[in-house]
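Listed below, chain by chain, are the residues.
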Amino acid sequence: CDAVQVPRPAKKPPEILTQDQANRLLAVTQQDPLHALWLTAITTGMRKEELAGLRWADVDFKAKTIQVNQVALTVYKKGVIMSEPKTDESRRTIELSNVTVQALKRHKEKQEKIQYALVAQWIERLTSDQMVVGSTPAEGICSRRNANQVPDRIYSIGDLSVPRFAMPPSLC
């Protein structure tokens, strides 16, 4: 029995968008708050776990690069956790196109404006019985309504079948 080798399941080739599908995805998501994510995915070929684990500290706007240093994984009964990439080859530096750099800069600026506005509202309403997750951003750090809408927006963009991402809590 020890000499029996269990066959490995055949690896499925990765699903790759055609140029037309990529263009349609970018056109459909132009006004989507996560447009920079889709553009980065298409122009870099990063895996969904790498994109979900991406931090601003990993983006070098001057050098036009992204460092892949961590991944976001969904673990049963633990939720989303950050981990190191599985292999040394996965830990790498990826060059960015000018279009991607500009999109990421705009995304960061929008994100900072929203964060400052939310912090100001939150501090203004801060009480001892403040809910961490409220019905609106002003009622809590992360809005239940926004958190619940993220998956629907991501999973059904246009008529494309887009892989489901394990989005870290910071995106809600």
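If you're wondering where the values come from, they're calculated on a predicted model, not measured in any experiment. (Residues numbered from 1 in each chain as written. Predicted model: local features only at pLDDT ≥ 70, side-chain atom pairs only at ≥ 80, totals over all residues. Heavy atoms only, no water.)

This brings us to the pattern of salt bridges. Following the criterion strictly, the structure yields 5 salt bridges and no others. With its nearest N and O atoms 3.2 Å apart, the salt bridge here joins aspartate 58 to arginine 55. Taking the shortest distance from any N to any O, the salt bridge between arginine 91 and glutamate 84 comes out at 3.2 Å. Residue class for arginine 91 comes out partly exposed when judged on its relative accessible area of 35%. (Salt bridge = Lys/Arg side-chain N within 4 Å of Asp/Glu carboxyl O. Buried < 20%, exposed > 50% of the residue type's maximum accessible area, 1.4 Å probe, protein only.)

Moving on, we get to helix α1 (residues 19-28). Taken together, the buried positions of α1 are Ala22, Leu25 and Leu26. Seen along its axis, α1 keeps its buried residues to an arc of 95°; they face one direction. Taken together, the buried residues of α1 touch α2 (35-44). (Helix = DSSP H or I, 4+ residues; strand = E, 2+ residues; numbered from the N terminus. Arc of directions from axis to C-beta. Contact = heavy atoms within 4.5 Å.)

Within the fold, serine 90 resides in the loop between β4 (79-83) and β5 (93-95). A distance of 2.9 Å separates a polar atom in the side chain of serine 90 from a polar atom in the side chain of threonine 87. With sequence-adjacent residues up to four places away left out, serine 90 is seen in contact with Arg47, Glu50, Val68 and Pro85. (Polar contact = N/O pair within 3.5 Å; in protein donor to acceptor, adjacent residues only side chain to side chain.)

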